[in-house]
Amino acid sequence: MKKSKRPLLAIPYVVWMALFVVAPIIMVVIYAFSTASGGFTLDNFARMGTYTVIFTRSFKLAIIATFVCLLIGYPLSYIMAKEGPRFQRVGMMLIMLPMWVNFLLRTYSWMSILEKNGLINQFFSAIGLFDLINAIFGTDIQYFHMIGTQGAVVLGMVYNYLPFMILPIYSVIVKLDNSLLEAARDLGANSTAVFRKVIFPLSLPGILSGVTMVFVPSVSTFAISRLLGGGTQMLLGDLIEQQFLGGAYNPHLGSAIALVMMLIVIVCMWVMNHFGEGEEQAVLL
């Protein structure tokens, strides 16, 4: 019998995973539980209590951004899936087109749009909106303060990660068996009932994939919060970078924060996957 070549083909993948995934995680664990002298300690985790505000802000903004992406992405995915092939191709191209531009360039473009002399404030000034507001309320508003706010950070997350919500949901809905929808209508279900009882439960795997793909990078981002947050809206990604590269150099504390964040994300993913399995079982019943 000939030996299968599949194990041999998997060797480069295993080596890649060992070098660039497993080894860095092991290093993070070692640094998290050690001191600068190499001794074992739990002080790195105890010191994380001083950054509770940053943890709370990171997860709050990530949850808001994920919810907004779902609120926008699901209707777009549903509409695309129900249209013809030509509309789907054009829609897919428009969704993917911004992804061809560098991530930092897209974020910098929003800085030029949201800053005090940006396009939005210039437009409002040109149409006389600020003069109208000042005349009505007796204020002296010259521009809207948008950059350096949590809203700007959430906007940057939604803009950059929205395709990650649309694509998995669309790929699930477009593959739904139309005979199931026809059977539901034959049994007397109206459009609302068909969506609530058939389409939405069957699209749940796409929703969970989209939520995971948006939430994970949102909670760990640092470029968006630094550029659109103006340095005043520090998130976990900024805090970890600061411990490794900033003036507060402490890779042991940074590793502890990264390890805890990784564990929290894994737990959240497990909960979402467990919830999805429960929903699928409920649909089958």
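Predicted, not measured: the structure shown is a model, and the values here were computed from it.

## Some details on the overall build of the protein chain
Helix and strand counts for the protein chain stand at 15 helices and zero strands. Its C-alpha atoms give the protein chain a radius of gyration of 24 Å, more than 25% over the compact-globule value 19 Å for 285 residues. If you line up the protein chain on its principal axes, its C-alpha atoms span 80 × 70 × 35 Å. Per-residue burial for the protein chain yields a buried fraction of 35% across its 285 residues. Across the protein chain, the fraction of contacts at a sequence separation of at least 24, relative to all contacts at a separation of at least 6, is 70%. For the protein chain, the exposed surface amounts to about 17300 Å²; the carbon and sulfur share of it is 70%. Within the protein chain, one finds 17 positive and 13 negative side-chain charges whose respective centroids are separated by 11 Å.

## Focus on the environment of A65
Counting through the fold element by element, A65 comes out in helix 4 (residues 52–82). Along the backbone, A65 and G39 are 26 residues apart, and their C-alpha atoms lie at a distance of 40 Å. When near neighbours in sequence (up to four residues on either side) are disregarded, A65 contacts V154, M157, V158, V214 and S218.

## A short note on the layout of surface pockets
Roughly 240 Å³ of internal volume is contained in the largest pocket. Taken together, 15 residues form the lining of the largest pocket, with L76, L94, I95, L162 and I166 sitting closest to its centre. When residues of the lining of the largest pocket are traced back to their parent elements, those giving at least two are helix 4, helix 5 (85–96) and helix 9 (150–173). Element by element, the count of residues in the lining of the largest pocket is highest for helix 9, at six residues. In terms of residue class, the lining of the largest pocket is made up of 14 nonpolar, one polar and no charged. Along its surface, the second largest pocket is lined by P24, I25, V28, V216, S220, A258, L259, M261, M262, V265, I266 and M269. Breaking the lining of the second largest pocket down by element, the ones donating at least two residues are helix 2 (11–32), helix 12 (204–220) and helix 15 (251–284). The biggest single contributor to the lining of the second largest pocket is helix 15, with seven residues. Along the lines of polarity and charge, the residues of the lining of the second largest pocket split into 11 nonpolar, one polar and no charged.

## A short note on the packing of aromatic side chains
Working definition: an aromatic ring pair is given by the centre-to-centre distance plus the angle between the planes. For the structure shown, the criterion picks out 15 aromatic pairs. A centroid spacing of 5.6 Å and a plane angle of 75° characterise the contact between W110 and Y159, whose relative ring orientation is edge-to-face. Here W110, found in helix 6 (residues 103–114), pairs with Y159, found in helix 9; they are 49 residues apart in sequence, far enough to count as distant. An angle of 50° between the planes, with centres 5.9 Å apart, marks the rings of F123 and F124 as tilted.

## Digging into the side chain of N250
In this structure, N250 sits in the loop between helix 14 (236–245) and helix 15. For N250, a relative accessible area of 17% gives the class buried.

## Looking at the packing of helix 9 against helix 12
In contact at an axis separation of 7 Å, helix 9 and helix 12 are set at 160° when each is read in the N-to-C sense. The orientation of helix 9 relative to helix 12 falls into the category roughly antiparallel. Once helix 9 is placed against helix 12, the crossing between them reads as right-handed. Counting all contacts with helix 9, which are made through M157, Y161, F164, M165, P168, I169 and V172, the residues of helix 12 involved are G206, I207, S209, G210, V211, M213, V214, P217 and S218. Residue composition of the contact of helix 9 with helix 12, by class: 12 nonpolar, four polar and no charged.

## A word on helix 8 (residues 129–137)
Turning to helix 8, its buried residues are F130, I133 and N134. End-on view of helix 8: buried residues confined to an arc of 95°, all on one side of the axis. Structural note: helix 8 exposes D131, A135 and I136 on the side pointing more than 90 degrees away from its buried face. Taken together, the buried residues of helix 8 touch helix 7 (119–126).

## Comments concerning the pattern of salt bridges
Across all of its chains, the model carries one salt bridge by this definition. One salt bridge connects R226 with E241, and the closest N-O pair in it is separated by 2.1 Å. You can see R226 sitting in helix 13 (residues 223–228) and its partner E241 sitting in helix 14, a full 15 residues away along the chain. Look at E241 and you get partly exposed, because its relative accessible area is 23%.

## Considering the side chain of T107
By the secondary structure assignment, T107 is in helix 6. A relative accessible area of 1% places T107 in the buried class. Sequence-distant contacts of T107, that is, excluding residues within four places in its chain, are made with N160, I224, L227 and L228.

Calculation rules
Starting from 1, residues in each chain are numbered consecutively following that chain's sequence as written. For a predicted model such as this one, the threshold for reporting local features is a pLDDT of at least 70, and the threshold for listing and counting side-chain atom pairs is 80 or more; totals across whole chains, interfaces and linings nevertheless cover every residue. Side-chain metrics rest on all non-hydrogen atoms present in the structure, leaving aside hydrogens and water. Numbering goes from the N terminus for both helices and strands, where a helix is a DSSP run of H or I of at least four residues and a strand is a run of E of at least two. Atoms counted for the radius of gyration: C-alpha only. Globule rule: 2.2 Å times the number of residues to the power 0.38. The buried label applies to any residue whose accessible area, calculated with a 1.4 Å probe on protein chains only, is under 20% of its type's maximum; exposed applies above 50%, and partly exposed to all values in between. Contacts are assigned to residue pairs with any non-hydrogen atoms lying within 4.5 Å of each other. Each accessible area is a Shrake-Rupley result for a 1.4 Å probe, and residues are judged covered by the shown protein chains and nothing else. For the purpose of charge, His is not counted, nor are the chain termini; Lys and Arg are scored as positive and Asp and Glu as negative. Charge positions are represented by NZ for Lys, CZ for Arg, CG for Asp and CD for Glu. Think of a 1 Å grid over the protein atoms and nothing else: a 1.4 Å probe that fits but is trapped marks a cavity, an open set flanked by protein within 12 Å on at least five of seven lines marks a pocket, and residues with an atom within 4 Å of a point count as lining. Grid points are joined across faces, edges and corners, and a volume is the space filled by probe spheres set on the points. Classification convention: Asp, Glu, Lys, Arg as charged; Ala, Val, Leu, Ile, Met, Phe, Trp, Tyr, Cys, Pro as nonpolar; all other residues, Gly among them, as polar. When two rings of Phe, Tyr or Trp (its six-membered ring) have centres within 6.5 Å they constitute a pair, described as stacked for plane angles under 30 degrees, edge-to-face for angles over 60, and tilted for the intermediate range. Note on method: axes are straight lines fitted to C-alpha atoms, helices fitted across the in-contact stretch only, with angles between N-to-C directions ranging 0 to 180 degrees. Angular relationships are summarised with four words: roughly parallel below 35 degrees, roughly antiparallel beyond 145, roughly perpendicular across 65 to 115, and oblique for the angles in between. By definition, any crossing whose near helix is turned counterclockwise from its far helix by less than a right angle is left-handed, and any crossing with a clockwise turn is right-handed. Here, the arc refers to the directions that run from the helix axis to the C-beta atoms. Within this document, salt bridges are pairs made up of a side-chain nitrogen of Lys or Arg and a carboxyl oxygen of Asp or Glu, the two lying within 4 Å of each other.

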